[in-house]
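# Structural description and commentary
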Amino acid sequence: MNRDQLQKFVQYLITVHHTEVLPTAQKLADEILSQNSEINQVHGAPDPTAGASVDDENCWHLDEEQVQEQVKLFLSQGGYHGSGKQLNLLFSKVREMLKMRDSNGARMLTLITEQFMGDPRLALWRQQGTAMTDKYRQLWDELGALWMCIVLNPHCKPEQKSFWLRQLRRWNGVDVCPLEDGNHGSELTNLTNALPQGPPGNPDSLTRPHRTVFTRAIEACDLHWQDPHLQHIITEDHCPNYCYHDNLDSSLFDARGWPLWHEHVPTACARVDALRSHGYPKEALRLAIAIVNTLRRQQQKQIELFRSHKKELLHRGVTSVTNLEGWVGHPLDPIGTLFSTLMETAGRGAEDGAPLDFSGSSLSSSRRAEPPVFPAQRFLVEGESFVSLAVETALIGLGQQRVMPDGLYAQEKVCRNEEQLLAKLQEVTLNDMLVKNLRKQALFLLEAGPYSGLGEIVYRESVPMHTFAKYLFSSLLPHDADLAYRIALRAMRLPVLESTAASGDLSRPPHIVSVVPNRYPRWFTLNHIETQQCELASTMLTAAKGDARKLETVLESIQKNIHSSSHIFKLAQDAFKIATLMDSLPDITLLKVSLELGLQVMRMTLSTLNWRRREMVRWLVTCATEVGVFALDSIMQSWFTLFTPTEATSVVASTVMSNNTIVRLHLDCHQQENLANSARTLALQCAMKDPQNCALSALTLCEKDHIAFETAYQIVLDAAATGMNYTQLFTIARYMEHRGYPMRAYKLATLAMTHLNLTYNQDTHPAINDVLWACALSHSLGKNELAAVIPLVVKSVKCATVLSDILRRCTLTTPGMVALHSRRNSGKLMSLDKAPLRQLLDATIGAYINTTHSRLTHISPRHYSEFIEFLSKARETFLMAHDGHLQFTQFIDNLKQIYKGKKKLMMLVRERFG
């Protein structure tokens, strides 16, 4: 501004803000007019709009204390009250600062890291051997990834990098520093890092290196950006001489002259992330494209290598070849980085054909005169887009054959990362080009042998492909159904649960290693994996409805590959639901698949405990009913391979014989009779095999067939002597009486009595009612039956109160009065002086005497009054005998003599009984 403009600027500023600015303006005016003032000793004036000097450390706007307090507060809240979200926002702020190339980003991250390292929970968890929470673990991962970005800053000074390296090593050396794979010093073998570290045969050669969340950032401090080929890629110089002069082994450029970058893939992708993070999106895109083209070329070479060894490998049937470091689930998330970089470019408009100007690179400080440059789209095949390249990258990464890492956290991370990538893929709308790419990749994955997770033969402990294959299946199904099924059926396998161990090998490039497993793997996520396998199978079943050939193929795959009864049961239920949708006729082929799976579940769970077993049995009968009468007949014919005898009688046969089934199936009389015959045959077989639990059901099922009923009754009689207890026999006896067979009921009751033993103090035993019922039944049948049962009662029952109850009931009515054949009864009450009641009376008196002595052995004063009442009941029984009064008097006298030491009690006895 010139003088006039500056004057106007100041006057307007004072006018607009006169209340706030005027006192300061007057003070400054006075100082300027004073020759000796401090303000006149300084040349120039401050410019608040200019920012800091080039050499200043830009800390003037970073409130360090506030950052530290915030992080400390969020950590103390332990993930509650949205603290995890707040910490992620702080990390996003760091990334934002890096993108703006604000040097305070690293300073802010240092402050955050110091607070994380000082979290008191770290020492506590380490001491207790417990794992940190998943959300907290993810925050540590982000912390490690951010440091990786910072040390990979392409423009950082060597002294800065040295300072960060010292910091990282200091944190890395702290005992409580979290390990990369989430384990707390666990001594488990870690196959993820199982590269040779000792001589062959050294037992420690596979032990876990100490790798913390900072280890990769420390290692990245050794990386630099000075490689001329790397510089060529990211600056996109067009140097034809260079291309062919240094490309003798075809490793720098492919046949089309497109640059390749052969570096450890996660490290190369970390460079891409660093470029993006530090505000170099164009350079990040160039490197990403070079990496993807390298992956494509590598994939092609792997297929060629496999084809040359295919016969040898297929002959062995197994392989120990695998990638020890998977890209999906990797701490540096290489595939996610490439995918995001390409999709962001697509989102910025490159998809619409607007060429991106990549000519001005901020990475090369001294640029020489150069030939014309070209946009990154030059490296795309005709018709290809950044979206299609991103999708292809994700497919390559997800299809990589890789070993399942050790540790719960690392395994959960594999699942989570895979699901995140697939969620991003599902957001992409498939056009013809993408479908073409999808088909090409699907075929590659099927044909790449042990280098692909979908190859013909995979390493036993490879990460399964179920979730990925489900995406491929659903995406390909409308366009190429046969390929979709090939992919899904290939992915159904779960070799880690197969019994054969891995062996054999295959010639391989250096980045692929051979591992021979020496232990059963600890797959913490196995339940989740089996659930995903089940989901894939269910998706195929749904799609195959109406196609008998495909349904049969899917069924075979399920039966071969799924090893969990609960998952097969779920698939059986799914198939049943799909087959019986309300808006269409039942699909009989799918119903049969459902039934077949249900039968497999029955066989699998027959001899093992399963809390859902009863539900499974009931469901199977429902399914068989839906399939038809032949299915019901079939499961009854082969019941012994599917059900326990109890299940077969109480659930299967009972349901088949019910009116609901007859109505549901619209059975005619002939069909009803055939089913009933099968049910009765089943019932008799079950009763023979397990009479204790099946006899009653067998009798019930055979009621309408005289011969079958007689057979069932005979089975019960044969088993009564040895195989059945009194409870079971009394239950069947009562059933017999209820059905109108009193003599058979009586027979079974007497057999039950022989198994019973009631001691003197069991006056509340549940069998007492059965004994009273048996005596009442005998009494009702006649004197002979009562005479036969009383000796059994005397032998089995020693409880005085029960015996006296039976005695009293027998003296109230005449035996046989309620029986049909009462002509043999005289109508007189039975005499207590003659058999059989005399025997019962003597036994009852004897039981009272024995019980009295037993009680007096350990009696306490608080039970005295109860004991006196007991003696009163005993006296009533004694007086039933003709010399009872004399017997009771002698009994009391004996008590007074024997227990004279119990003075208070004997005094009470004298008061009541003399």
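Residues numbered from 1 in each chain as written. Predicted model: local features only at pLDDT ≥ 70, side-chain atom pairs only at ≥ 80, totals over all residues. Heavy atoms only, no water.

## Concerning the overall build of the protein
The condition that has to hold: Strands here are runs of E lasting at least two residues and helices are runs of H or I lasting at least four, both read from the DSSP assignment and numbered beginning at the N terminus. Contacts are assigned to residue pairs with any non-hydrogen atoms lying within 4.5 Å of each other. Every accessible area reported is derived by Shrake-Rupley at a probe size of 1.4 Å, with residue values counting cover from the shown protein chains alone.
Scanning the protein from N- to C-terminus turns up 39 helices and 2 strands. Pairs at least 24 apart in sequence give 75% of the contacts found in the protein among residues at least 6 apart. Summing over all exposed atoms, the protein offers an accessible surface of approximately 45500 Å²; the carbon and sulfur share of this is 54%.

## Some words on the environment of Gly383
Our working rule: Relative accessibility decides the category of a residue: with a 1.4 Å probe and only protein chains considered, values under 20% of the type maximum give buried, values over 50% give exposed, and everything between is partly exposed.
Tracing the sequence through the fold places Gly383 in the loop between α14 (334-347) and α15 (386-398). What makes Gly383 exposed here is its relative accessible area of 56%. Remark: the alpha-carbon pair of Gly383 and Met433, spanning 50 residues in sequence, is separated by 7.3 Å.

## Notes on unusual backbone geometry
At Arg101, a residue that is not glycine, the phi angle is positive and equals roughly 60 degrees. Topologically, Arg101 is positioned in the loop between α4 (83-99) and α5 (104-117). Given the relative accessible area of 46%, Arg101 is considered partly exposed. In this structure, Asp333 takes a positive phi of about 45 degrees despite not being glycine. Along the chain, Asp333 falls in the loop between β1 (321-322) and α14. Assessed through its relative accessible area of 25%, Asp333 is described here as partly exposed.

## Structural notes on the packing of aromatic side chains
Note the cut-off: Within 6.5 Å between ring centres, the rings of Phe, Tyr and Trp (the latter by its six-membered ring) count as paired, and their orientation is classed by plane angle as stacked under 30 degrees, edge-to-face over 60, tilted in between. Counting as a charge over the ring demands two things of the Lys NZ or Arg CZ atom: a distance within 6 Å of the ring centre and an angle within 35 degrees of the ring normal.
The tally for this structure, following the rule as stated, stands at 18 aromatic pairs. On the basis of an interplanar angle of 40 degrees and a centroid distance of 6.0 Å, the ring pair of Phe91 and Phe116 is categorised as tilted. Residue Phe91 is located in helix α4, and its partner Phe116 is located in helix α5; the two are separated by 25 residues in the primary sequence. Take Phe91: its relative accessible area is 1%, and that puts it in the buried class. Taking 5.5 Å as the distance between ring centres and 75 degrees as the angle between the ring planes, the aromatic pair formed by Phe888 and Phe913 counts as edge-to-face. Taken together, the residues Phe888 in helix α38 (residues 884-898) and Phe913 in helix α39 (residues 903-913) connect sequence positions 25 residues apart. Pair check on accessibility: Phe888 and Phe913 agree, each one buried. One cation-aromatic arrangement involves Arg137 over Tyr409; the distance from NZ or CZ to the ring centre is 4.6 Å. We note Arg855 situated over the ring of Phe870; from NZ or CZ to the ring centre the distance is 4.4 Å.

## Describing the packing of helix α7 (residues 134-151) against helix α16 (residues 408-426)
A pair of packed helices can be characterised by two numbers: the angle between their axes and the separation between those axes. Heads up, the rule is: Axis definition: a line fit to C-alpha positions, over the contact stretch in the case of helices; interaxial angles, taken between N-to-C directions, run 0 to 180 degrees. What sets the label is the angle itself: under 35 degrees gives roughly parallel, over 145 gives roughly antiparallel, 65 to 115 gives roughly perpendicular, and the rest give oblique. Here the term charged refers only to Asp, Glu, Lys and Arg, the term nonpolar to Ala, Val, Leu, Ile, Met, Phe, Trp, Tyr, Cys and Pro, and the term polar to all other amino acids, Gly among them.
Put simply, α7 and α16 touch, their axes get as near as 12 Å, and they point 80 degrees apart. The pairing of α7 with α16 is recorded here as roughly perpendicular in orientation. Facing Asp134, Arg137, Gln138 and Asp141 of α7, the residues of α16 in contact are Tyr409, Glu412, Lys413 and Arg416. Of the residues in the contact of α7 with α16, the class split is 1 nonpolar, 1 polar and 6 charged.

## Description of the confidence of the model for the protein
Heads up, the rule is: Confidence of the prediction at every residue is given by pLDDT, a number between 0 and 100.
Averaged over the protein, the pLDDT score is 85; the fraction of residues at 70 or greater is 86%. No element of the protein has a lower mean pLDDT than strand β2 (residues 513-514), which averages 47, and none a higher one than helix α18 (residues 466-476), which averages 98. With pLDDT under 50 throughout, residues 184-207 is counted as low confidence; its partners more than four residues away or in other chains account for 37 contacts. Low pLDDT (under 50) marks residues 819-826, which in the prediction has 12 contacts with non-local residues, meaning those over four places away or in another chain.

## Some words on the pattern of salt bridges
A side chain of one charge can pair with a side chain of the opposite charge when the charged atoms of the two come close. Rule in force here: The salt bridge definition used is simple: a Lys or Arg side-chain nitrogen within 4 Å of an Asp or Glu carboxyl oxygen.
Tallied over the entire structure, the rule returns 43 salt bridges. Among the salt bridges present, the one from Glu219 reaches Arg211, with a minimum N-O distance of 3.0 Å. As a salt-bridge pair, Arg612 and Glu615 come within 3.0 Å of each other at their nearest N and O atoms. Three or more residues are tied together by salt bridges with common partners; here these are Arg95, Glu142, Asp273, Arg276 and Glu344.

## As for the side chain of Ser778
As a reminder, the rule being used: Whenever two N or O atoms come within 3.5 Å, that pair is a polar contact, provided that in protein one can donate a hydrogen and the other can accept it, and provided that, for residues adjacent in sequence, both atoms are side-chain atoms.
Here Ser778 is to be found in helix α33 (residues 768-781). Look at Ser778 and you get buried, because its relative accessible area is 1%. Of the polar contacts made by the side chain of Ser778, one reaches the backbone oxygen of Ala774; its length is 2.8 Å. Ignoring anything within four residues of it in the chain, the contact list for Ser778 reads Tyr746, Glu785, Leu786 and Val789.

## Here's the deal with the state of the cysteines
What counts is decided by this rule: Only a pair of cysteine sulfur atoms within 2.5 Å qualifies as a disulfide here.
Applying the stated criterion across every chain, the model contains 0 disulfides. There is no disulfide at Cys810, and the cysteine sulfur nearest it, in Cys775, is 6.1 Å away.

## Quick look at the packing of helix α34 (residues 783-796) against helix α36 (residues 837-857)
Put simply, the test is: Should the near helix be turned counterclockwise from the far one by less than a right angle, the crossing is left-handed, whereas a clockwise turn marks it as right-handed.
One can describe the packing of α34 onto α36 by two numbers: an axis separation of 9 Å at closest approach and a directional angle of 10 degrees. On the basis of their axis angle, the class for α34 and α36 is roughly parallel. Every pair of crossing elements has a handedness; the one defined by α34 and α36 is left-handed. Across the interface between the two elements, Ile790, Pro791 and Val794 from α34 touch Leu837, Gln839, Leu840 and Ala843 from α36. A class-by-class count of the residues in the contact of α34 with α36 yields 6 nonpolar, 1 polar and no charged.

## Overview of a nonpolar patch on the surface
Heads up, the rule is: Patch building starts from residues that exceed 30% relative accessible area and form no salt bridge, then joins like charges within 9 Å and nonpolar side chains (Val, Leu, Ile, Met, Phe, Trp, Tyr) within 5 Å.
On the surface, a cluster of nonpolar side chains totalling about 500 Å² of accessible area is made up of Met1, Leu6, Phe9, Val10 and Leu13. In this fold, Leu6 is placed in helix α1 (residues 3-16). Take Leu6: its relative accessible area is 42%, and that puts it in the partly exposed class.

## A word on α15
Note the threshold: Expected span of a helix, by definition, is 1.5 Å for each gap between consecutive residues, and there is one gap fewer than residues.
Spanning 13 residues, α15 covers 18 Å between terminal C-alpha atoms, matching the ideal 18 Å at 1.5 Å per step. When you tally the buried positions in α15, you get 13 out of 13 residues, the bulk of the element.

## Let's talk about α16
Helix length check: α16 (19 residues) gives 27 Å between terminal C-alpha atoms against 27 Å at 1.5 Å per residue, within 8%. The set of residues buried in α16 consists of Tyr409, Ala410, Gln411, Lys413, Val414, Cys415, Arg416, Asn417, Glu418, Leu421, Leu422 and Leu425. Check the buried side of α16 and you find it contacts α7, α14, α15, α18 and α20 (526-543).

## Focus: the nonpolar core
Rules: Residues belong to a common nonpolar core when they are buried Ala, Val, Leu, Ile, Met, Phe, Trp, Tyr or Cys residues joined through side-chain atoms within 4.5 Å.
Counting residues in each nonpolar core, the largest one holds 249 residues, and the members touching the most others are Ile112, Phe116, Trp140, Phe214 and Phe643. Counting residues per element, this core draws most heavily on α7, which supplies 10 residues. Sequence-distant contacts of Phe214, defined by excluding residues within four places in its chain, comprise Thr113, Met117, Trp140, Leu143, Trp147, Leu168, Trp171, Asn172 and Cys177. Listed in part, the 8 residues of the second largest apolar core include Val414, Val463, Val496 and Leu526.

## Considerations on the environment of Trp147
Within the secondary structure layout, Trp147 lies in helix α7. Residues Trp147 and Phe214 lie 67 residues apart in sequence; the distance between their C-alpha atoms is 7.6 Å. Here Trp147 is in contact with Ala106, Leu109, Thr110, Thr113, Trp164, Gln167, Leu168, Trp171, Phe214 and Ala217, once residues within four sequence places are set aside.

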